[in-house]
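# Observations on chain architecture
The chain contents come next:
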Amino acid sequence: MLRWEIKKLTRNVWNIPIITSVICLWGIMLYFSTQARFWYILGSLALGFIILFISTRLFILDEEEKVSEVILTTKYGRWNLLFQRVMTAGIYTTGIVILFLFIQVIGVLLFNRNEIDVHELLTVHFLKGCLLVWGGSVLFSVFTACLCTIFKSHGVTAILSGILFGMTYILRGNLLQQYSFEWFLEKGLFSYLIRGENGLFEPQWVVIIVWYVFLMVSMITITIIIQFRRHEI
Amino acid sequence: MSLIKLGFMEGKKLFSQREIYIALFLCTVLFVMGLDAIGEPDVPLLFWRKLADVIPYVGFWFIAILIVVGVARCLPFEQEQGMSELLLTYKKGRLTLLVVKQIVILMYCVSIVLYFYGIAVFVFTMDYDLTGLFAQVKENPNLYFYANLEWTYAELMIYEFGYIVLASYIFALFIVLLSLFIKRSVFIMMIGGSIFAAGELFDKFIIKYIGTMELGYYLTTIYDYMFNGMLSFRYLNYFGPFSTNEVYGLFLFIAFLLFGMNLFLGRWQRHVAMGD
């Protein structure tokens, strides 16, 4: 089942244009600037975009193709179906993160005009936040999957997650009071994690971890309750 | 069915989308947060100056978001409900329907703009003195775009309202144009939103890297005269080429052009669908 679900995502027609755009824009950024940071805007936004419009679609595809009633009679069980789909979203997101890391590294190696030590360049400047990026993106994909399952609408999920995720790039709350509403909006809605390297210097790590655990546990619990009430698990 | 009734039904379809209300809630929260960020010492006419500055400062983002969310589903609605073939048999023709839809979209733009001005008035009333509507702008000029300093704030607000309605309508017509080619509303939302977001990201971040290069100059010009520039009042820059009246004329021309183009393409697509 997992293989089929992954196939559905990898065969999406938007994969190639988005990845090609990322490669081109990263090349342009590196060509024009030696200070370019991959995850700060380009990588994190592209990843958010892919999660919102490709990975999340898996959870609404049955509705769109009007086969949800048939799919719910699966002999493997509805719990298994939900679990496998969440797993698929996580695996697909991991694959995209690895691909983006590869694009980032290749770009850095090709445009290393200042002859900086490659090992230092990769470990200190570029790859230091990759674990954070991976964690943030997998959490975001599970979050959007839960939202999509709750609302049964790709549009609603895209609007809710898209506005909250995207606004942090424009309304920056770095200088705002700690633990205020704006602070949570800036740091508590995944884009902060996906931007990677910023998070490494975060002094309030414990609060952030507690917040994300709370957010994810609540989201998953609500999804399960709603699915249960709809007799979908 | 009369045209007014058709317009009413189309309006009902547009305003019954739950996506709009979800986006409206989020945008209202973020907009009010944005209003708080404009901190100023107490000076005369602050209420009217802040009201004039609020849309070019942050309001246009939320107007753009709501336009993308609302208009993206306006045309594909019938397709998504599986009744596009039935629509081809509509007695008054697809052209009439498209005209009505585009007029309803204009009403939608007016409502959104009024809503955000309403929120701003409500928030500012709590903090500032409302007097000075008929005072001249030069007593405490607005900051984000050029306006005739001899105008009163009443004239300025009427001008600004008309400007932002026209600018948002042009953006909405562009989304309609996109939806003539893309059949799924989520993808229209995605592409329309990305076009706007890319402009904002360019203005906020990318320009810092390439601002001194020739490429930066060209891209800034594109930003200034595309949808982002329209909605953020860049057409009325202090050193811009257009006067206040010329901008109105230009916007009306662009709006008519897009309106006509959408009708033409809509009619052409009908013929393609019918196979004649």
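Residues numbered from 1 in each chain as written. Chains lettered and ligands numbered in written order. Predicted model: local features only at pLDDT ≥ 70, side-chain atom pairs only at ≥ 80, totals over all residues. Heavy atoms only, no water.

## Here's the deal with the interface of chain B and chain A
Taken together, the contact between chain B and chain A spans 28 residues of the former and 31 residues of the latter. Here chain B and chain A share an interface that buries about 2700 Å² over both sides, 83% of which is from carbon and sulfur atoms. It is Met190, Phe205 and Tyr209 of chain B in chain B that bury the most area against chain A; as a group they hold 22% of the surface buried on that side. Along the contact surface separating chain B from chain A lie zero salt bridges. Counting across the chain B and chain A interface gives one residue pair in polar contact (both at pLDDT 80 or more). Here the residues of the side of chain B that touches chain A sort into 22 nonpolar, one polar and five charged. (Contact = heavy atoms within 4.5 Å. Buried area = accessible area lost by both parts, 1.4 Å probe. Salt bridge = Lys/Arg side-chain N within 4 Å of Asp/Glu carboxyl O. Polar contact = N/O pair within 3.5 Å; in protein donor to acceptor, adjacent residues only side chain to side chain. Nonpolar A, V, L, I, M, F, W, Y, C, P; charged D, E, K, R; others polar.)

## Points about the pattern of salt bridges
Side chains that carry opposite charge are capable of pairing whenever their charged atoms lie near each other. Within this structure, the stated rule accounts for 13 salt bridges over all chains. Across the pair aspartate 62 of chain A and arginine 85 of chain A runs a salt bridge whose closest N-O atoms are separated by 2.7 Å. Highlighted residues: aspartate 62 of chain A in helix H4 (residues 61-64) and arginine 85 of chain A in helix H6 (residues 78-110), separated in sequence by 23 residues. In this structure aspartate 62 of chain A comes out as buried when scored by relative accessible area, which is 10%. Judged by relative accessible area, arginine 85 of chain A falls into the buried class, the value being 7%. Glutamate 10 of chain B serves as the salt-bridge partner of lysine 101 of chain B, at 3.0 Å between the closest nitrogen and oxygen. Note that lysine 101 of chain B is positioned in helix H6 (residues 94-127) and glutamate 10 of chain B in helix H1 (residues 3-15), a separation of 91 residues in sequence. Overall, glutamate 10 of chain B belongs to the buried group, its relative accessible area being 5%. Beyond isolated ion pairs, a larger network of salt bridges with shared partners links Glu5, Lys8, Asp62 and Arg85 of chain A. (Helix = DSSP H or I, 4+ residues; strand = E, 2+ residues; numbered from the N terminus. Buried < 20%, exposed > 50% of the residue type's maximum accessible area, 1.4 Å probe, protein only.)

## What about the packing of helix H3 (residues 39-55) of chain A against helix H8 (residues 185-210) of chain B?
Viewed as axis vectors pointing N to C, H3 of chain A and H8 of chain B meet at an angle of 170°, and their least axial separation amounts to 13 Å. On the basis of their axis angle, the class for H3 of chain A and H8 of chain B is roughly antiparallel. Note on element contacts: H8 of chain B touches H3 of chain A through Val186, Met190, Ser194, Leu201 and Phe205 of chain B, opposite Tyr40, Ile41, Leu45, Phe49 and Phe53 of chain A. Its residues assigned to classes, the contact of H3 of chain A with H8 of chain B comprises nine nonpolar, one polar and no charged. (Axes fitted to C-alpha atoms, helices over the stretch in contact; angles between N-to-C directions. Parallel < 35°, antiparallel > 145°, perpendicular 65-115°, else oblique.)

What is shown is where atoms sit, not what they do.
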